[in-house]
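# Residue-level structural notes
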Amino acid sequence: MHDGSILVAGVGGLGCLWARRAHDNCSDYADLLLVDADERSFEDARHAHCLPLGDTSSQGCAALPELAESHMRRAKQLTEQMLAPVELLLLLTGLGGGVGTGASHALAAQAKQNGALVLSIAASPFEDQPARCDLAQAALPRLEEASDVCVRLSLDRLAWQARERGADWRRDASWVEELVQGIVLTLGRVGLINLDLMDLRAVVSHTGEATLLVAEGDATEPEALFRSALASPLAGLKVEGASACLLQIEGGRRMTVAQVNSVADAFTRGLSDDSQVILGARMADELDGRMRVVAVVSGL
Ligand SMILES: Nc1nc2c(ncn2[C@@H]2O[C@H](COP(=O)(O)OP(=O)(O)OP(=O)(O)O)[C@@H](O)[C@H]2O)c(=O)[nH]1
Ligand SMILES: [Mg+2]
């Protein structure tokens, strides 16, 4: 485990797939935990802590959340050990099946009880899957309760955006990857203006809902950057009137203070007048002429 540790966790098939891909880009700064009843989620996952739920011959919990939940509770001693050093848990899951629906809130609750900050990203099923939607709907309040921030990803929107790019929505959920990577690197790397977990805590502790934004684009077009952040596949996204915002802005070597200011301005203009804004900035060699913004907006 890393110091001051950040844990990226995937729960269920979709969650594990996304967590692995997201973790690939930030493995120096975060650990990876995969939780599933389906062994296929652990194939070639050499750098991960793997927690198989139930007997190893099974292929998931076949849309039986109660079964997954009881398996998860039985693994409590193991997860207790893994969660002990964790300060930030980034939990990825898809609701509507068995494992993600039944086990994700239990893991989140345990992490929170251990003092970790919990950010959950939960995909809601496609709208043409009513039975899965009902399961997801029933599970969501418990995950929200167990998380400091819980954002809902719409699979319909994600799939639509992936189709536009000619990509496979399951494997190429680049939005999820960028967001996780953005948050981990924001907190894990030394920047020009440093953000840390205390800043994140300060922002998410505002009462009300919170959401996460991520965008990458041309450094000279801050407005377009903001619009692309709003075009995320999050369900029910709104940022107007928020009372707090943590903003991490990354750019290439030639990024100027004026550019940082314009981007910060575009992202914070719609917030309430007395809002708390915490700003971080960092040079990233790979971002020549481009900027990447990760924002946590709260008090909605
Ligand atoms: N249509 C479609 N939906 C999918 C697919 N994969 C995942 N989903 C959706 O994502 C949700 C979560 O899926 P998984 O992560 O595979 O489910 P799980 O948590 O592993 O659950 P079990 O396998 O039932 O134990 C499901 O309820 C579906 O709505 C897919 O290949 N096609
Ligand atoms: Mg599964």
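Residues numbered from 1 in each chain as written. Chains lettered and ligands numbered in written order. Predicted model: local features only at pLDDT ≥ 70, side-chain atom pairs only at ≥ 80, totals over all residues.

## Looking at the nonpolar core
Ranked by size, the top nonpolar core spans 101 residues in total, and within it Ala9, Leu89, Val293 and Ala295 carry the most contacts. Among the elements that make up this core, the one with the highest residue count is helix H7 (residues 174-188) (8 residues). Those residues in contact with valine 293 that sit more than four places away from it in its chain are Val214, Ala215, Leu225, Ala229, Leu247, Gln248, Ile249, Val263 and Phe267. (Core = buried A, V, L, I, M, F, W, Y, C linked by C-beta atoms within 7 Å. Buried ≥ 20, exposed ≤ 12 C-beta atoms within 10 Å, placed from the backbone. Helix = DSSP H or I, 4+ residues; strand = E, 2+ residues; numbered from the N terminus. Contact = placed C-beta atoms within 7 Å.)

## Some thoughts on the sheet that holds strand S9 (residues 276-283)
With mixed pairing, the 4 strands of this open sheet are ordered in space as S7-S10-S8-S9. Both edges of this open sheet fall to strand S7 (210-218) and S9, since each of them pairs with a single strand only. Here the average twist between neighbouring strands, direction ignored, is 10°. Of the strand pairs in this sheet, strand S8 (residues 244-251) and S9 are connected by 8 bridges, and their pairing is parallel. (Pairing = 2+ DSSP bridges. Axes fitted to C-alpha atoms, helices over the stretch in contact; angles between N-to-C directions.)

## Details of the sheet that holds strand S6 (residues 149-154)
An order of S3-S2-S1-S4-S5-S6 is seen for the 6 strands of this open sheet, with the pairing classed as parallel. Sheet topology places strand S3 (49-52) and S6 at the edges, where each strand pairs with a single neighbour. If you compare each strand with its neighbour and ignore which way they point, the axes differ by 15° on average. The sheet contacts of helix H6 (residues 155-165) involve strand S5 (117-124) and S6, and relative to S6 the element is tilted by about 55°.

## Considering the domain arrangement of the protein
The assigned domain composition of the protein is domain 1 (5-182) and domain 2 (191-298). Centre-to-centre, using C-alpha coordinates, domain 1 lies 25 Å away from domain 2. Elements with a minimum of two residues in the side of domain 1 that touches domain 2: strand S4 (86-94), S5, S6, H6 and H7. It is S6 that provides the largest number of residues to the side of domain 1 that touches domain 2, a total of 5 residues. In the side of domain 1 that touches domain 2, the residues fall into 8 nonpolar, 4 polar and 5 charged. (Domains from an automatic or database assignment. Nonpolar A, V, L, I, M, F, W, Y, C, P; charged D, E, K, R; others polar.)

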